[in-house]
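Residue-level structural notes
Here is what each chain is made of, one letter per residue.
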Protein chains: 2
Amino acid sequence: MLGTMTDEHPTTAATTSSSLDPDTAGNDDKGRHGNASQRIADGLRASILSGELPAGSRIRQEEIAARYGASRIPVRGALRILESDGLVRLVANSGAWVARFTRAECEEFYQIRERIEPLLLRMSLPCLTAENLDRMDELAEQMARADRVEHFLRLDREFHALSYDGARTVVLQEIVQRMWNMTHHYRSMFTQVFLEQGSQIVHDEHRMLVRALREGDAEQAELVLCGHIRRTRLQLARHPEMFDAWPSASG
Amino acid sequence: MLGTMTDEHPTTAATTSSSLDPDTAGNDDKGRHGNASQRIADGLRASILSGELPAGSRIRQEEIAARYGASRIPVRGALRILESDGLVRLVANSGAWVARFTRAECEEFYQIRERIEPLLLRMSLPCLTAENLDRMDELAEQMARADRVEHFLRLDREFHALSYDGARTVVLQEIVQRMWNMTHHYRSMFTQVFLEQGSQIVHDEHRMLVRALREGDAEQAELVLCGHIRRTRLQLARHPEMFDAWPSASG
DNA sequence: GTACGCCCGATAGGATCCAATCACAACCGC
DNA sequence: GCGGTTGTGATTGGATCCTATCGGGCGTAC
């Protein structure tokens, strides 16, 4: 026979790498089983999120290919992956740029997050374990004492990722992850501001969230999370200077 | 100079093709200016949505390349595009399959839609024109008289796409479009059922939606739309036979 | 002096060829 | 007879080469 090998759907996906945690985002060992595109995409994603590749800067295929010791073919694949991640903008026959978002787009992302993250939280709630919640308490505690931006961001991302850990969804988690990646730089700048101000409300919200989850109160958890994101969006809107002070795109 | 050509971000995107309408979905003329990947992706998308390529069937690169008179390189690009559209599932070193969704995943999609489409509608409302609304009335009228599934689906998609036409968003519209594509077959089967039953509630909802939009009542419009999607989800959950009677994947 | 058109370099996209990987199957040892 | 192993074919992934396209710079005409 010729065409009757494995024409049915694959048993499980298992190839989409990258968790909500930016460090392990795409560094799953299984992700690289012979897939250079994925490896390059993961590396580029890390470079973009770390700020090494600033928003608006151009990405040249040959340069990336040389850096990763590959040809331009897997680089193109990587760029497509990052485009679907929302981190790179491709223009046919022209080139690739690190995505840069306007203030309006950023507000759009936050409004999307306000709607879908509470849903994801609701879906996650029934399967959250006591270990999840204990760890979230720890993280909330550590965040309250954090003074460096990168440290806070790492804890914050792990905190929220944990809160979504019980969800059995696929697409929703991917969307949420994309939103987190796309808003990464804004959260970074915003964190800078509120760490300087020593605002406490973020930690109050985190504690309220864990409490609602512990009590199994999905409605309350949704409200707290929605408010958490909404407050951030409104705060962000009050700091338009963040959108002017973009890290400039060097060649 | 060497590196100082156009290293800034491109002025506008303008390359993401495909509207909410499945016919023009990706057939924008500008999409093909030397971009075979896009052209092939658009063709494949149409084949998948039309049912010509059934869910779960395998996609062979060489076969597609031959059909479109190209090499396998742009086919790979097309497959990546469709993967980010959620219509194709890629497994490294194994192959590509037309995405097939479980009942749980389908419910997930509808729940996502319940949350984000009302938001998109709210964002669209302020910029909707009288022409938009008049055309929506027409479409609602035609839908009430439609008796063929494809005809209804086409009108329905145009109706809702029009309701989102005022939105200045980018990402949100892409997400919504993806959800519509991924649920396309389910809507097809569901439409079959309710057309046979002669149910009127869908048309009532459509009229209520237009009325709320005319009155500029965003809150009411959101509620109606949420209920519209929610009711469909619950109806779908009551027809588990749809998930058994999948079109089989022929090689 | 300015505006238009042509030319050319650089970069992205595509074709062809080659290597790696996987699935199936037949074979051999126990 | 059965399980593990290895071989083979098909298919995907990657490298190299070639072509198309885009943008800037120069020259010329008005």
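Relevant structure appears above.
In this convention, every chain numbers its residues from 1, walking through the sequence in written order. Each chain takes a letter, starting from A, and each ligand takes a number, starting from 1, following the order in which they are written. For this predicted model, a pLDDT threshold of at least 70 governs which residues receive local features, and a threshold of 80 or more governs which side-chain atom pairs are given and counted, while totals over whole chains, interfaces and linings are taken from all residues. As a rule here, side-chain values come from all non-hydrogen atoms in the structure, and water together with hydrogens is ignored.

Considerations on helix 4 (residues 103-124) of chain A
Residues and elements named next belong to chain A.
- Helix numbers and strand numbers start at the N terminus; a helix is a DSSP run of H or I with at least 4 residues, a strand a run of E with at least 2. Working rule for helices: expected span equals 1.5 Å times residues minus one. Here helix 4 is 22 residues long and its end C-alpha atoms lie 31 Å apart, about the 32 Å a rise of 1.5 Å per residue gives.
- To get the bend at any residue, fit one axis to the seven residues that end at it and another to the seven that begin at it, then take the angle between the two axes. Most pronounced at E114, the bend in helix 4 amounts to some 30°, and the proline P118 follows within four residues.
- The element helix 4 is extensively covered by neighbouring structure, given that 16 of its 22 residues are classed as buried. To sort residues, take the accessible area from a 1.4 Å probe on protein chains only and compare it with the maximum for the residue type: under 20% means buried, over 50% means exposed, and anything in between is partly exposed.

What about helix 8 (residues 184-197) of chain A?
Residue and element names in this part refer to chain A.
- Here helix 8 spans 20 Å end to end across 14 residues, near enough to the 20 Å set by a 1.5 Å rise per residue.
- Every buried residue of helix 8 is accounted for by H184, Y186, R187, F190, T191, V193 and F194.
- G198 sits one or two positions beyond helix 8 and adopts a positive phi of about 65°.

Side note on the nonpolar core
- Residues L213 of chain A together with L213 of chain B are the most contacted members of the largest nonpolar core, which totals 98 residues.
- Filtering out sequence-adjacent residues up to four positions away, L213 of chain B remains in contact with L121, L125, L128, L133, M136, S163 and A221 of chain B. We define a nonpolar core as any set of buried Ala, Val, Leu, Ile, Met, Phe, Trp, Tyr and Cys residues linked to one another through side-chain atoms lying within 4.5 Å. Any pair of residues with heavy atoms lying within 4.5 Å of one another is described as a contacting pair.

Some thoughts on the protein's contact with DNA strand D
- Here a residue is considered near a molecule or strand provided that any single heavy atom belonging to it is located within 4 Å of it. Surveying the vicinity of DNA strand D reveals 22 residues, the closest of which are A36 and S71 of chain A together with Q61, R72 and R76 of chain B.
- Restricting the count to atoms of DNA strand D within 4 Å of the protein gives a sugar and phosphate share of 65%.
- For the purposes of these results, a polar contact is taken to be a pair of N or O atoms within 3.5 Å, where, inside protein, one atom must be able to donate a hydrogen and its partner to accept one; residues adjacent in sequence count only when each atom of the pair is a side-chain atom. Within the contact set of DNA strand D, a sugar or linking oxygen lies 3.4 Å away from a side-chain nitrogen or oxygen of R58 of chain B.
- In this structure, a phosphate oxygen belonging to DNA strand D sits 3.1 Å away from a side-chain N or O atom of R60 of chain B.
- Mapped by element, the contributors of at least two residues to the surface near DNA strand D are helix 1 (36-50) and helix 3 (72-85) of chain A together with strand 1 (58-59) and helix 3 (72-85) of chain B.
- Of the residues forming the surface near DNA strand D, the biggest block, three residues, is contributed by helix 3 of chain B.

Thoughts on the packing of helix 6 (residues 149-163) of chain A against helix 8 of chain A
All names here are of chain A.
- Interaxial angle, 0 to 180 degrees, is taken between N-to-C directions of lines fitted to C-alpha atoms, where a helix line uses only the stretch in contact. Closest axis-to-axis distance for the helix 6/helix 8 pair is 10 Å, and the angle between their directions is 120°. The angle between helix 6 and helix 8 falls in the class oblique. Note that helix 6 runs across helix 8; the crossing there is right-handed. Together, V149, F152, L153 and R157 of helix 6 and H184, R187, S188, T191, Q192, F194 and L195 of helix 8 make up the contact between the two elements.
- Residue polarity is assigned by list, with Asp, Glu, Lys and Arg as charged and Ala, Val, Leu, Ile, Met, Phe, Trp, Tyr, Cys and Pro as nonpolar; anything else, Gly included, falls into the polar class. Split into classes, the residues belonging to the contact of helix 6 with helix 8 amount to five nonpolar, four polar and two charged. For classification, angles of less than 35 degrees are called roughly parallel, those exceeding 145 degrees roughly antiparallel, those between 65 and 115 degrees roughly perpendicular, and all remaining angles oblique. Each crossing is labelled by how the near helix is turned from the far one, with a counterclockwise turn of less than a right angle marking it left-handed and a clockwise turn marking it right-handed.

Structural notes on the pairing of strand 2 (residues 88-91) of chain A
All names here are of chain A.
- Note that strand 2 and strand 3 (residues 95-98) share four bridges and pair antiparallel. Bridged to L90 within strand 3 is A96.
- From the end of strand 2 to the start of strand 3, which pair antiparallel, there are three residues, and N93 there has a positive phi angle of about 60°. DSSP-based pairing: two strands are paired if at least 2 bridges between them are found.

Some remarks on the protein's contact with DNA strand C
- In the region of DNA strand C, 23 residues are neighbours, and Q61, R72 and R76 of chain A together with A36 and S71 of chain B sit closest.
- When the atoms of DNA strand C within 4 Å of the protein are grouped by moiety, sugar and phosphate amount to 68% of the total.
- Measuring from a phosphate oxygen of DNA strand C, one finds a backbone N or O atom of A36 of chain B at 2.6 Å.
- Of all the elements in the fold, those that place two or more residues in the surface near DNA strand C are strand 1 (58-59) and helix 3 of chain A together with helix 1 (36-50) and helix 3 of chain B.
- The greatest single-element share of the surface near DNA strand C, amounting to three residues, is contributed by helix 3 of chain A.
- Broken down by class, the residue content of the surface near DNA strand C amounts to eight nonpolar, eleven polar and four charged.

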